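# Observations on chain architecture
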Amino acid sequence: MNMQTAVTTVLGKYATFSGRAPRSEYWWWILALILLMLVLGVIDGALLAPIMGFERFSPEAGQPISLLASLALLLPSLAVSVRRLHDIDRSGWWYLLSLIPIIGTLVLLYWYVQPGTSGDNQFGPEPVR
């Protein structure tokens, strides 16, 4: 799976929390999000801040485009995270571990790098890798 396929798949399953997501789909999505947020941050700081009357990259200017993109991509990010947990045969409710500072995030990170279960599991058939 490449980045374009992963992004297309995640956006195609915008709010689908059922099923499974392979490691490649999840990590390509995360990389695409990071790159997108970097580009939008530069656009916000370099172009929009002066238009709104602030100096370039001024913290007071905010980042309106980045904020809108983050809100628009929140649901598919949650959905692919839950589907990734399903791929390692864990309930999506385990995502709530992210509410525990540091420890919860580290546990989820460990699970996200694990290979998915081979064959079918309780959350569906093995995804195409």
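Going by the structure above, here's the rest.
Predicted model only: the values in this text are computed from it and were never measured.

### Quick look at helix H3 (residues 64-87)
For H3, built from 24 residues, the straight-helix expectation of 34 Å at 1.5 Å per residue is met to within 8% by its first-to-last C-alpha distance of 35 Å. At the exit of H3 stands Asp89, carrying a positive phi of roughly 65°.

### Observations regarding the pattern of salt bridges
Enumeration over the complete set of coordinates arrives at 3 salt bridges. In this structure, Arg20 engages Asp87 in a salt bridge whose closest nitrogen and oxygen atoms are separated by 2.9 Å. Within this pair, whereas Arg20 is found in the loop between helix H1 (3-12) and helix H2 (23-51), its partner Asp87 is found in helix H3, the two being separated by 67 residues in sequence. Owing to a relative accessible area of 5%, Arg20 belongs among the buried residues under this scheme. Taking relative accessible area as the criterion, Asp87 reaches 0% and is therefore assigned buried. Glu25 is paired through a salt bridge with Arg83; the nearest N and O atoms lie 3.1 Å apart.

### Focus: the packing of aromatic side chains
In total, this model carries 3 aromatic pairs according to the counting rule given. Centroid distance Tyr26 to Trp27: 4.9 Å. Interplanar angle 85°. Geometry classified as edge-to-face. A centroid spacing of 5.2 Å and a plane angle of 85° characterise the contact between Trp94 and Trp111, whose relative ring orientation is edge-to-face. With Trp94 in the loop between H3 and helix H4 (103-112) and Trp111 in helix H4, this pair connects stretches of sequence that are 17 residues apart. By relative accessible area, Trp111 is classed as buried at 10%. Linked through ring pairs, Tyr26, Trp27 and Tyr112 together constitute an aromatic cluster.

The rules we used
Residues numbered from 1 in each chain as written. Predicted model: local features only at pLDDT ≥ 70, side-chain atom pairs only at ≥ 80, totals over all residues. Heavy atoms only, no water. Helix = DSSP H or I, 4+ residues; strand = E, 2+ residues; numbered from the N terminus. Expected span 1.5 Å × (residues − 1). Salt bridge = Lys/Arg side-chain N within 4 Å of Asp/Glu carboxyl O. Buried < 20%, exposed > 50% of the residue type's maximum accessible area, 1.4 Å probe, protein only. Phe/Tyr/Trp six-rings, centres within 6.5 Å; stacked < 30°, edge-to-face > 60°.

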